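Structural overview
Residue strings, one per chain:
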Amino acid sequence: MAIRSFCLALTLLVAAPALAQDVKGVILDEPSQLGDFQLTDHRGEPFTLEDLVGQWSLVFLGFTHCPDVCPFTLANLEAVRSQLSMLVPPERLPQIVFLAVDPARDRPVLADYVAHFDLSFIGITGEPGEIARLAHGLDAYYRLEKKSDDDDAYDVVHSAAVAVVNPAGAVKAKITPPFHPQGTANYLHLLLRGMEGIN
Amino acid sequence: MKLPFWTILMAALTASAMPLRPAAAHDHGAHPASVAAPVKVRQAWSPRGVPGVDTRAVYFELVNGGTAPLVIIGAESPGFRRGVIHETTTASGLTRMTPVEQLTVPPGQSASFRPQELHLMLTGAGPEHQENKTLPVRLLFADGTSLSFEALVHEADGQHENHRHRAAMPKS
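Residues numbered from 1 in each chain as written. Chains lettered and ligands numbered in written order. Predicted model: local features only at pLDDT ≥ 70, side-chain atom pairs only at ≥ 80, totals over all residues. Heavy atoms only, no water.

**Observations regarding the overall build of chain B**
The helix and strand tally for chain B stands at two helices and 10 strands. Listing every helix and strand of chain B by position from the N terminus yields α-β-β-β-β-β-β-β-β-β-β-α. Across the 172 residues of chain B, 50% fall into the buried class. Taking the intrachain contacts of chain B between residues at least 6 apart in sequence as the baseline, contacts between residues at least 24 apart amount to 70%. Of the roughly 7,800 Å² of accessible surface on chain B, a fraction of 57% belongs to carbon and sulfur atoms. (Helix = DSSP H or I, 4+ residues; strand = E, 2+ residues; numbered from the N terminus. Buried < 20%, exposed > 50% of the residue type's maximum accessible area, 1.4 Å probe, protein only. Contact = heavy atoms within 4.5 Å. Areas by Shrake-Rupley, 256 points an atom, 1.4 Å probe, with all protein chains shown as cover.)

Written out as C-alpha coordinates, the structure is:
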(Lines give C-alpha, C1' and ligand atoms only; values in the text may rest on other atoms or scores of the structure.)
Protein backbone atom coordinates (compact mmCIF):
# COMPACT_ATOMS: atom_id res chain seq x y z
CA MET A 1 0.00 0.00 0.00
CA ALA A 2 2.81 2.36 0.92
CA ILE A 3 4.57 1.60 -2.37
CA ARG A 4 1.36 2.25 -4.27
CA SER A 5 0.87 5.59 -2.57
CA PHE A 6 4.47 6.50 -3.28
CA CYS A 7 4.05 5.63 -6.97
CA LEU A 8 0.85 7.69 -7.14
CA ALA A 9 2.55 10.66 -5.52
CA LEU A 10 5.52 10.31 -7.85
CA THR A 11 3.25 10.16 -10.87
CA LEU A 12 1.40 13.28 -9.79
CA LEU A 13 4.68 15.08 -9.15
CA VAL A 14 6.00 14.27 -12.61
CA ALA A 15 2.76 14.61 -14.54
CA ALA A 16 1.18 17.60 -12.82
CA PRO A 17 3.20 20.39 -14.44
CA ALA A 18 2.65 18.87 -17.88
CA LEU A 19 -1.09 18.48 -17.32
CA ALA A 20 -1.32 21.97 -15.87
CA GLN A 21 0.09 23.38 -19.09
CA ASP A 22 -3.08 22.24 -20.85
CA VAL A 23 -5.08 24.77 -18.89
CA LYS A 24 -5.82 28.14 -20.40
CA GLY A 25 -5.05 30.60 -17.67
CA VAL A 26 -3.74 34.08 -17.13
CA ILE A 27 -1.83 34.77 -13.96
CA LEU A 28 -1.63 38.41 -12.93
CA ASP A 29 1.83 39.63 -11.98
CA GLU A 30 0.15 42.06 -9.62
CA PRO A 31 -3.03 40.60 -8.12
CA SER A 32 -6.00 42.91 -8.64
CA GLN A 33 -7.50 43.81 -5.27
CA LEU A 34 -11.29 43.56 -5.11
CA GLY A 35 -13.23 46.46 -3.67
CA ASP A 36 -16.06 46.29 -1.18
CA PHE A 37 -19.41 44.87 -2.22
CA GLN A 38 -22.62 43.95 -0.41
CA LEU A 39 -24.28 40.80 -1.65
CA THR A 40 -26.35 38.00 -0.12
CA ASP A 41 -25.53 34.33 -0.20
CA HIS A 42 -27.91 31.48 -1.01
CA ARG A 43 -28.82 31.11 2.67
CA GLY A 44 -29.84 34.75 2.90
CA GLU A 45 -26.71 35.76 4.80
CA PRO A 46 -24.66 38.83 3.86
CA PHE A 47 -21.70 38.10 1.65
CA THR A 48 -19.00 40.74 1.38
CA LEU A 49 -15.33 41.03 0.54
CA GLU A 50 -14.54 39.67 4.00
CA ASP A 51 -15.99 36.33 2.94
CA LEU A 52 -13.37 36.07 0.23
CA VAL A 53 -10.50 36.92 2.58
CA GLY A 54 -8.54 34.21 4.33
CA GLN A 55 -8.94 31.47 1.75
CA TRP A 56 -8.67 30.85 -1.95
CA SER A 57 -11.85 31.17 -4.00
CA LEU A 58 -12.94 30.26 -7.50
CA VAL A 59 -15.60 32.71 -8.61
CA PHE A 60 -17.76 31.98 -11.63
CA LEU A 61 -20.36 34.36 -12.96
CA GLY A 62 -23.56 33.06 -14.53
CA PHE A 63 -27.31 32.67 -14.15
CA THR A 64 -29.48 29.86 -12.87
CA HIS A 65 -31.69 29.61 -15.97
CA CYS A 66 -28.66 28.99 -18.16
CA PRO A 67 -29.32 25.48 -19.47
CA ASP A 68 -26.00 24.76 -21.09
CA VAL A 69 -22.78 26.54 -20.11
CA CYS A 70 -23.32 27.23 -16.41
CA PRO A 71 -24.31 23.69 -15.35
CA PHE A 72 -21.32 22.16 -17.09
CA THR A 73 -18.92 24.74 -15.72
CA LEU A 74 -20.21 24.19 -12.19
CA ALA A 75 -20.12 20.42 -12.61
CA ASN A 76 -16.55 20.70 -13.81
CA LEU A 77 -15.64 22.96 -10.90
CA GLU A 78 -17.05 20.37 -8.53
CA ALA A 79 -14.85 17.78 -10.22
CA VAL A 80 -11.86 20.13 -10.06
CA ARG A 81 -12.41 20.63 -6.35
CA SER A 82 -12.72 16.90 -5.88
CA GLN A 83 -9.44 16.30 -7.71
CA LEU A 84 -7.78 19.11 -5.81
CA SER A 85 -8.87 17.61 -2.50
CA MET A 86 -6.36 14.83 -3.17
CA LEU A 87 -3.56 17.34 -3.56
CA VAL A 88 -4.08 19.91 -0.83
CA PRO A 89 -5.32 19.80 2.75
CA PRO A 90 -8.98 20.69 3.33
CA GLU A 91 -8.18 24.11 4.74
CA ARG A 92 -6.47 25.09 1.51
CA LEU A 93 -9.25 23.91 -0.78
CA PRO A 94 -10.71 26.90 -2.62
CA GLN A 95 -14.34 27.73 -2.02
CA ILE A 96 -16.49 27.73 -5.14
CA VAL A 97 -18.56 30.89 -5.45
CA PHE A 98 -21.28 31.30 -8.06
CA LEU A 99 -22.10 34.96 -8.72
CA ALA A 100 -25.68 34.89 -10.01
CA VAL A 101 -26.15 38.01 -12.13
CA ASP A 102 -29.87 37.68 -12.89
CA PRO A 103 -31.32 38.28 -9.41
CA ALA A 104 -34.98 38.36 -10.42
CA ARG A 105 -34.81 34.76 -11.58
CA ASP A 106 -31.83 33.63 -9.53
CA ARG A 107 -32.70 34.67 -6.00
CA PRO A 108 -35.71 32.37 -5.48
CA VAL A 109 -33.88 29.23 -6.62
CA LEU A 110 -30.27 29.94 -5.72
CA ALA A 111 -30.10 27.65 -2.67
CA ASP A 112 -31.44 24.66 -4.57
CA TYR A 113 -29.31 25.52 -7.56
CA VAL A 114 -25.92 25.52 -5.87
CA ALA A 115 -26.81 22.51 -3.72
CA HIS A 116 -27.58 20.64 -6.92
CA PHE A 117 -23.88 20.73 -7.77
CA ASP A 118 -22.28 20.51 -4.34
CA LEU A 119 -23.39 21.36 -0.84
CA SER A 120 -20.21 23.33 -0.30
CA PHE A 121 -20.89 25.71 -3.18
CA ILE A 122 -21.82 29.26 -2.32
CA GLY A 123 -24.30 31.16 -4.46
CA ILE A 124 -24.36 34.93 -4.18
CA THR A 125 -26.55 37.60 -5.69
CA GLY A 126 -28.07 40.92 -4.75
CA GLU A 127 -28.84 44.35 -6.03
CA PRO A 128 -27.80 44.94 -9.64
CA GLY A 129 -25.39 47.70 -8.67
CA GLU A 130 -23.60 45.47 -6.16
CA ILE A 131 -23.44 42.58 -8.62
CA ALA A 132 -21.93 44.95 -11.18
CA ARG A 133 -19.42 46.17 -8.61
CA LEU A 134 -18.07 42.69 -7.93
CA ALA A 135 -18.20 41.72 -11.61
CA HIS A 136 -16.17 44.80 -12.44
CA GLY A 137 -13.60 43.87 -9.82
CA LEU A 138 -13.38 40.41 -11.32
CA ASP A 139 -12.89 41.95 -14.76
CA ALA A 140 -16.00 40.05 -15.82
CA TYR A 141 -18.88 41.11 -18.02
CA TYR A 142 -22.54 40.25 -18.30
CA ARG A 143 -25.62 41.59 -20.02
CA LEU A 144 -29.24 40.55 -19.52
CA GLU A 145 -30.91 40.27 -22.91
CA LYS A 146 -34.48 40.67 -21.74
CA LYS A 147 -36.47 41.99 -24.66
CA SER A 148 -39.75 42.81 -22.92
CA ASP A 149 -41.43 42.63 -19.52
CA ASP A 150 -43.04 39.29 -20.35
CA ASP A 151 -39.87 37.77 -21.78
CA ASP A 152 -39.13 35.02 -19.24
CA ALA A 153 -36.71 32.94 -21.34
CA TYR A 154 -34.07 35.53 -22.02
CA ASP A 155 -30.40 34.81 -22.34
CA VAL A 156 -27.64 36.39 -20.33
CA VAL A 157 -24.39 36.97 -22.13
CA HIS A 158 -21.58 36.55 -19.65
CA SER A 159 -17.89 35.95 -19.19
CA ALA A 160 -16.81 32.35 -19.51
CA ALA A 161 -13.78 32.66 -17.24
CA VAL A 162 -13.41 31.63 -13.63
CA ALA A 163 -11.59 34.10 -11.40
CA VAL A 164 -9.07 32.73 -8.93
CA VAL A 165 -9.17 34.99 -5.86
CA ASN A 166 -6.34 34.75 -3.39
CA PRO A 167 -6.69 34.86 0.40
CA ALA A 168 -6.06 38.61 0.36
CA GLY A 169 -9.24 39.10 -1.67
CA ALA A 170 -7.40 39.90 -4.88
CA VAL A 171 -7.80 38.32 -8.29
CA LYS A 172 -4.68 36.29 -8.84
CA ALA A 173 -5.59 34.49 -12.05
CA LYS A 174 -8.32 33.81 -14.54
CA ILE A 175 -8.86 30.44 -16.10
CA THR A 176 -10.95 29.88 -19.20
CA PRO A 177 -12.73 26.87 -20.64
CA PRO A 178 -12.13 24.02 -20.99
CA PHE A 179 -12.06 23.27 -17.29
CA HIS A 180 -10.63 19.80 -17.57
CA PRO A 181 -10.84 18.64 -13.95
CA GLN A 182 -7.46 16.93 -13.64
CA GLY A 183 -5.51 19.58 -15.54
CA THR A 184 -7.28 22.45 -13.80
CA ALA A 185 -6.71 20.87 -10.39
CA ASN A 186 -3.01 20.51 -11.15
CA TYR A 187 -2.87 24.07 -12.39
CA LEU A 188 -4.50 25.36 -9.23
CA HIS A 189 -2.33 23.16 -7.08
CA LEU A 190 0.78 24.76 -8.51
CA LEU A 191 -0.76 28.21 -8.28
CA LEU A 192 -1.68 27.75 -4.64
CA ARG A 193 1.86 26.63 -3.94
CA GLY A 194 3.25 29.75 -5.54
CA MET A 195 4.72 27.93 -8.56
CA GLU A 196 3.59 30.44 -11.12
CA GLY A 197 5.68 29.50 -14.09
CA ILE A 198 2.95 27.22 -15.31
CA ASN A 199 1.67 29.04 -18.37
CA MET B 1 -28.65 10.26 -9.23
CA LYS B 2 -26.40 8.50 -11.70
CA LEU B 3 -27.77 5.87 -14.02
CA PRO B 4 -25.66 2.75 -14.39
CA PHE B 5 -23.47 2.75 -17.45
CA TRP B 6 -25.23 -0.28 -18.93
CA THR B 7 -28.62 1.37 -18.57
CA ILE B 8 -27.44 4.38 -20.54
CA LEU B 9 -25.70 2.24 -23.12
CA MET B 10 -28.72 0.03 -23.69
CA ALA B 11 -31.02 3.02 -23.95
CA ALA B 12 -28.70 4.65 -26.46
CA LEU B 13 -28.49 1.49 -28.55
CA THR B 14 -32.23 1.02 -28.39
CA ALA B 15 -32.91 4.62 -29.49
CA SER B 16 -30.61 4.29 -32.44
CA ALA B 17 -31.87 0.91 -33.55
CA MET B 18 -35.61 1.02 -33.10
CA PRO B 19 -37.94 2.25 -35.83
CA LEU B 20 -39.18 5.76 -35.31
CA ARG B 21 -42.38 5.96 -33.41
CA PRO B 22 -45.23 7.90 -34.91
CA ALA B 23 -45.58 11.44 -33.72
CA ALA B 24 -48.98 10.60 -32.29
CA ALA B 25 -47.24 8.67 -29.52
CA HIS B 26 -47.24 11.97 -27.61
CA ASP B 27 -50.19 14.25 -27.44
CA HIS B 28 -48.99 17.67 -28.51
CA GLY B 29 -52.06 18.87 -30.35
CA ALA B 30 -51.57 18.76 -34.11
CA HIS B 31 -49.65 15.69 -35.18
CA PRO B 32 -47.41 15.93 -38.19
CA ALA B 33 -46.61 12.66 -39.87
CA SER B 34 -43.54 10.87 -38.58
CA VAL B 35 -40.41 10.88 -40.69
CA ALA B 36 -39.07 8.00 -42.72
CA ALA B 37 -37.00 5.37 -40.94
CA PRO B 38 -33.50 6.40 -42.14
CA VAL B 39 -33.62 9.40 -39.82
CA LYS B 40 -32.42 8.42 -36.37
CA VAL B 41 -31.68 10.00 -33.04
CA ARG B 42 -28.84 8.58 -30.99
CA GLN B 43 -27.59 9.11 -27.46
CA ALA B 44 -30.32 11.50 -26.43
CA TRP B 45 -29.97 12.80 -22.91
CA SER B 46 -30.81 15.77 -20.75
CA PRO B 47 -29.10 17.00 -17.59
CA ARG B 48 -31.29 16.54 -14.55
CA GLY B 49 -33.35 19.63 -13.82
CA VAL B 50 -32.70 21.92 -10.90
CA PRO B 51 -35.68 22.59 -8.62
CA GLY B 52 -37.25 25.91 -9.49
CA VAL B 53 -35.42 26.28 -12.78
CA ASP B 54 -37.77 25.81 -15.71
CA THR B 55 -35.20 25.46 -18.48
CA ARG B 56 -33.69 22.21 -19.69
CA ALA B 57 -31.18 21.33 -22.35
CA VAL B 58 -31.39 18.22 -24.52
CA TYR B 59 -28.43 16.70 -26.33
CA PHE B 60 -28.43 14.07 -29.06
CA GLU B 61 -27.10 13.12 -32.42
CA LEU B 62 -29.48 13.35 -35.35
CA VAL B 63 -28.53 11.12 -38.26
CA ASN B 64 -30.00 11.81 -41.65
CA GLY B 65 -29.72 8.46 -43.41
CA GLY B 66 -32.15 9.54 -46.10
CA THR B 67 -31.55 10.95 -49.55
CA ALA B 68 -32.98 14.43 -48.98
CA PRO B 69 -31.83 17.26 -46.73
CA LEU B 70 -33.51 17.30 -43.34
CA VAL B 71 -34.52 20.76 -42.12
CA ILE B 72 -35.30 21.10 -38.41
CA ILE B 73 -37.54 24.05 -37.69
CA GLY B 74 -38.36 23.46 -34.05
CA ALA B 75 -39.08 21.06 -31.25
CA GLU B 76 -41.56 20.49 -28.49
CA SER B 77 -41.97 18.48 -25.35
CA PRO B 78 -45.14 17.93 -23.33
CA GLY B 79 -45.22 20.11 -20.24
CA PHE B 80 -42.82 22.68 -21.67
CA ARG B 81 -44.02 25.88 -23.21
CA ARG B 82 -41.35 26.10 -25.85
CA GLY B 83 -38.52 24.24 -27.53
CA VAL B 84 -35.82 26.20 -29.30
CA ILE B 85 -32.64 25.14 -30.99
CA HIS B 86 -29.77 27.14 -29.60
CA GLU B 87 -26.12 27.39 -30.35
CA THR B 88 -23.75 28.36 -27.60
CA THR B 89 -20.72 30.31 -28.68
CA THR B 90 -17.78 31.61 -26.73
CA ALA B 91 -15.86 34.43 -28.32
CA SER B 92 -13.62 37.09 -26.83
CA GLY B 93 -14.17 35.55 -23.43
CA LEU B 94 -17.96 35.89 -23.57
CA THR B 95 -20.41 33.06 -23.82
CA ARG B 96 -23.84 33.49 -25.38
CA MET B 97 -26.71 31.47 -26.79
CA THR B 98 -28.08 32.22 -30.22
CA PRO B 99 -31.41 30.84 -31.46
CA VAL B 100 -31.14 28.77 -34.63
CA GLU B 101 -34.29 29.28 -36.71
CA GLN B 102 -33.69 26.20 -38.82
CA LEU B 103 -30.97 23.67 -39.15
CA THR B 104 -30.32 21.64 -42.27
CA VAL B 105 -28.77 18.20 -42.04
CA PRO B 106 -27.59 17.07 -45.50
CA PRO B 107 -28.34 13.50 -46.58
CA GLY B 108 -25.86 11.03 -45.21
CA GLN B 109 -24.71 13.39 -42.49
CA SER B 110 -25.53 14.01 -38.88
CA ALA B 111 -25.93 16.93 -36.50
CA SER B 112 -24.50 16.72 -33.01
CA PHE B 113 -26.32 18.50 -30.24
CA ARG B 114 -23.87 18.57 -27.37
CA PRO B 115 -22.90 20.60 -24.33
CA GLN B 116 -21.70 24.12 -24.97
CA GLU B 117 -22.41 23.80 -28.66
CA LEU B 118 -25.66 23.09 -30.41
CA HIS B 119 -28.48 22.13 -28.05
CA LEU B 120 -32.21 21.98 -27.76
CA MET B 121 -33.44 24.29 -25.04
CA LEU B 122 -36.80 23.62 -23.46
CA THR B 123 -38.38 26.39 -21.42
CA GLY B 124 -41.39 26.73 -19.18
CA ALA B 125 -41.18 23.36 -17.46
CA GLY B 126 -43.69 22.28 -14.90
CA PRO B 127 -42.52 20.87 -11.55
CA GLU B 128 -43.28 17.30 -12.61
CA HIS B 129 -40.21 17.36 -14.84
CA GLN B 130 -37.76 17.51 -11.96
CA GLU B 131 -38.01 13.81 -11.20
CA ASN B 132 -38.66 12.31 -14.62
CA LYS B 133 -36.14 9.73 -15.80
CA THR B 134 -36.76 10.54 -19.43
CA LEU B 135 -37.95 13.54 -21.41
CA PRO B 136 -40.16 13.00 -24.44
CA VAL B 137 -39.09 15.24 -27.31
CA ARG B 138 -40.46 15.75 -30.79
CA LEU B 139 -38.41 17.39 -33.49
CA LEU B 140 -40.37 19.26 -36.12
CA PHE B 141 -39.18 19.36 -39.72
CA ALA B 142 -39.85 21.81 -42.52
CA ASP B 143 -41.60 19.19 -44.66
CA GLY B 144 -44.33 18.74 -42.03
CA THR B 145 -42.97 15.52 -40.57
CA SER B 146 -41.64 15.02 -37.07
CA LEU B 147 -39.55 12.66 -35.04
CA SER B 148 -40.29 11.64 -31.46
CA PHE B 149 -37.76 10.24 -29.04
CA GLU B 150 -37.04 9.93 -25.35
CA ALA B 151 -34.03 11.63 -23.82
CA LEU B 152 -32.52 9.97 -20.77
CA VAL B 153 -32.21 12.25 -17.76
CA HIS B 154 -29.01 12.13 -15.76
CA GLU B 155 -26.42 14.36 -14.15
CA ALA B 156 -24.38 16.91 -16.08
CA ASP B 157 -21.45 15.42 -14.30
CA GLY B 158 -18.08 17.07 -14.76
CA GLN B 159 -16.47 13.71 -14.22
CA HIS B 160 -18.21 12.17 -17.21
CA GLU B 161 -15.31 12.00 -19.59
CA ASN B 162 -17.33 12.44 -22.76
CA HIS B 163 -19.37 15.32 -21.47
CA ARG B 164 -16.32 17.01 -20.08
CA HIS B 165 -14.45 16.86 -23.32
CA ARG B 166 -17.47 17.98 -25.30
CA ALA B 167 -17.98 20.79 -22.86
CA ALA B 168 -14.37 21.66 -23.43
CA MET B 169 -14.80 22.70 -27.03
CA PRO B 170 -16.74 25.92 -27.26
CA LYS B 171 -16.80 27.38 -30.72
CA SER B 172 -14.93 30.62 -30.93
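**What about the environment of B:G66?**
Residue and element names in this part refer to chain B. Tracing the chain through its elements places G66 in the loop between β2 (56–64) and β3 (70–76). Judged by relative accessible area, G66 falls into the partly exposed class, the value being 21%. Separated by 28 residues in the primary sequence, G66 and P38 have C-alpha atoms spaced 5.2 Å apart. For G66, the residues in contact, after removing those within four places along its chain, are P38, P107 and G108.

**Some remarks on the pairing of strand β10 (residues 170–176) of chain A**
All names here are of chain A. For β10, the buried fraction is high: five of the seven residues fall into the buried class. As paired strands, strand β1 (residues 24–33) and β10 are joined by six bridges and run antiparallel to one another. Across the sheet, residue G25 finds its bridge partner in β10, namely I175. Relative to β10, strand β9 (residues 162–165) runs antiparallel, the two sharing four bridges. Along β10, the bridge assignment pairs V165 with V171. What sits between β9 and β10 in their antiparallel hairpin is a turn of four residues, with G169 showing a positive phi close to 80°. (Pairing = 2+ DSSP bridges.)

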